[in-house]
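One letter stands for each residue in the lines below.
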Amino acid sequence: MKKVYLETFGCQMNVSDSERVATSLAANGFEITPNEDSADVVLINTCSVREKAEHKLYTRVGQVRNSRRVKPVIGVMGCVAQLEGETLFDKISGIDLVIGTKAVGRVADAIGKVFDGDREVSDLGERERDYDWSVADAQRHSPYVAFVPIIEGCNKFCTYCIVPFSRGREVSLPASTIIRNVLELRRQGVKEIHLIGQNVNSYRPQSDSGMELFRGSTPFSRLLRAVAATGIERIKFNTSFPRDFHPDIIDAINEHENLCNWVHLPVQSGSDRVLRRMKRGHTIDSYFKKIDRLKDSARDVALTTDIIVGFPGETLADFEETKRAVEYCGFDSAYIFKYSPRPGTPAYEMQDDVSLGEKKLRFLELEQVQKRTQRQRLQRYIGKNVQVLAEKTSTRNAGDITGHSTCHKLVNFRGSNDLIGNLIDVRIREIKANSLFGEVC
Ligand code: SAM
Ligand code: SF4
C-alpha cells in the first residue's frame, strides 16, 4: 500500500480540502501517514494569500527533495498550484504533479498516473458535478470539530487579494447537502461545526432545497436557522463579509443557543480612503454601525477581525484612523498583516510606497494597541462561566485540558483526560495574552 504524507498551509478551506483529499485517497487504497520520511508521496497543499506563504512551497520542496536518498513523488495542490499551473515544473525541480483547487477530487488518479510512469502530471480542471464534500471520521483534524464548506470562491475582488483568481467565482452548496453533512457529523459524535467559506454571508444557493421551512432576510440567515434545527451542539461560521453582514444574522444568533456567539468580520482598515482603494465596499462608519448592533445584542458576541497595514498609499493619517477603529471596536482578537503585493491583483499595479521598515513599525504599533484594548475587553470574562469543548490535553501542561469556548476563545483548565470530547462549564480566573484560564464549575 503506497503511503501519502499531506502537509497543509493556509486557511480553513485548505485544511478542509486536505481532509477530503485524505478521505478519497484512503478510499482508493492509499495509506495516509503522519511520517514524512517513510512516505511514497508528499503532497503539499499551498497558500498564496501572502508572498511569505508562497515562499514556503519553494523551501519545502527543496527540503523534501534533499532529505532522502530516493526522492518521493512530490505533488503540489491548492492556491499556488492553481495560479502557477504547469510552470511550477520549470520553476521548482522535483515536482511530479500539480493539482488545482477544483481538481482535489481527482488526486488519486493523478498519483496513479505518476506511478504508471507519466511525468509532470497536472490537473487544473473543474470540480466534478457529483463531487463528494464529506470527510471520513478518521481524516478530520479533530474528532469533535468539523469544517463544513458552504460556499467556495469569491466575487468581491478586493484590490489586494489573490483569492478570486486562485479559487474562482462564488459557488454555494445546496442547503440540503450541507444539512445532510451536518446530520451525519452529529451522528458521528462531532460537537462543533464551522460553516466555512471566503464570505459565508454571501451564501446564495441556486434553489431553496433544504431550507424551505426556514425564514430569514438573507439565504445565509435562513441557512443558519436550518442548520441550528439539526440540533448539533455548536455552530460557528467564518468568514463574514462586512458589506453583506445583515442584522438578521444577529437575530438568528439570539434565537438559537447552538449558533455560537462569535463573529469574524474583517475590517482591513479604519480609513475610508484606503477602504475605497481596497474596494472593500464598506465605509468605516457603516462598519461601526454593524459593530454597534452586534454589541447591543442580547448575547455577548465576541468580535474578531483582519487588518492590513501598509497598503499602497496608506499615510500616517490613514494609519491613525485604523488605530482609532481598533480602539472603537474593541476586538476580542485581530489578525494583523503587512500588505504583501500579489502579482495579478489590481493593487499590484499601485505603487507599493510604504517601505517594509515602515510596514513593520505600523504592524508593531497596531499590535500594541490591539493587545491593550484586548486585555481590557477580555476582563469581562473574569468570574464568568463559559462553555468549553474539551478538545485535548494541553501541550504546555499535561494536567490541563484545552479547548474553545462558544465565543471561540482558547481556554485552558485543570482537568483529567476523561473530560475530552465533552462540553464543560468553566469559570474564568485569568486572562492570558492569547487565551483564558479557568476551572471546572
Ligand atoms: N474573505 C475574507 C474577507 O474578505 O475578509 C478574507 C479572506 S483572506 C484569504 C484572509 C485575510 O488575508 C484577509 O482578510 C486579509 O486581511 C489578508 N490578506 C489578503 N490578501 C493580502 C495581501 N495581499 N497582503 C496582506 N494581507 C492580505
Ligand atoms: Fe479576498 Fe476580498 Fe474575497 Fe475576502 S472578500 S477573499 S479579501 S477578495
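Note: the structure precedes this text.
Please read these numbers as outputs of a predicted model, since none were measured by experiment.

### Thoughts on the sheet that holds strand β1 (residues 3-8)
Piece 1. Ordered by their spatial adjacency, six strands build an open sheet running β2-β1-β3-β4-β5-β6, and the pairing between neighbours is parallel. Sheet topology places β2 (31-32) and β6 (121-123) at the edges, where each strand pairs with a single neighbour.
Piece 2. Bridge analysis of strand β4 (residues 73-77) against strand β5 (residues 97-99) gives two bridges, and the strand direction is parallel. Within β5, the position partnered with Gly-75 by the bridge is Leu-97.
Piece 3. Against the sheet, helix α5 (residues 107-115) makes contact with β3 (41-46), β4, β5 and β6, and its axis sits at roughly 170° relative to β5, the strand it touches most.

### Overview of the site of ligand 2
Piece 1. As a structural note, the neighbourhood of ligand 2 is formed by Cys-154, Lys-156, Phe-157, Cys-158, Tyr-160, Cys-161, Val-163, Pro-164, Gln-198, Asn-199, Phe-241 and Arg-280.
Piece 2. Across the shell around ligand 2, the residue classes tally to eight nonpolar, two polar and two charged.

### Here we look at the site of ligand 1
Piece 1. Ligand 1 sits among 18 residues. The nearest are Gln-198, Pro-266, Gln-268, Asp-306 and Ser-340.
Piece 2. Between ligand 1 and the protein, one listed contact pairs an oxygen atom with a side-chain N or O atom of Gln-268 at 2.7 Å.
Piece 3. The contact in question runs from an oxygen atom of ligand 1 to an N or O atom on the side chain of Asp-306, over 2.6 Å.
Piece 4. Relative to its free-state accessible area of 570 Å², ligand 1 is covered by the protein chains to the extent of 92%.
Piece 5. Counting only elements with at least two residues in the shell around ligand 1, the list comes to β13 (302-309) and β14 (333-338).
Piece 6. Residue classes in the shell around ligand 1 are distributed as eight nonpolar, five polar and five charged.

### Looking at the pairing of β1
Piece 1. Both β1 and β2 contribute to a ladder of two bridges, which runs parallel. Bridging across to β2, Val-4 finds its partner in Ile-32.
Piece 2. Between the parallel pair β1 and β2, the chain is carried across by helix α1 (residues 12-27), and the sense of this crossover is right-handed.
Piece 3. Sheet topology places β1 next to β3; five bridges connect them, and they run parallel. Paired with Val-4 across the two strands is Val-41, which belongs to β3.

Scoring rules and cut-offs
Residues numbered from 1 in each chain as written. Chains lettered and ligands numbered in written order. Predicted model: local features only at pLDDT ≥ 70, side-chain atom pairs only at ≥ 80, totals over all residues. Heavy atoms only, no water. Pairing = 2+ DSSP bridges. Helix = DSSP H or I, 4+ residues; strand = E, 2+ residues; numbered from the N terminus. Contact = heavy atoms within 4.5 Å. Axes fitted to C-alpha atoms, helices over the stretch in contact; angles between N-to-C directions. Near = heavy atom within 4 Å. Nonpolar A, V, L, I, M, F, W, Y, C, P; charged D, E, K, R; others polar. Polar contact = N/O pair within 3.5 Å; in protein donor to acceptor, adjacent residues only side chain to side chain. Areas by Shrake-Rupley, 256 points an atom, 1.4 Å probe, with all protein chains shown as cover. Right-handed = clockwise from strand over helix to strand, strands pointing away.

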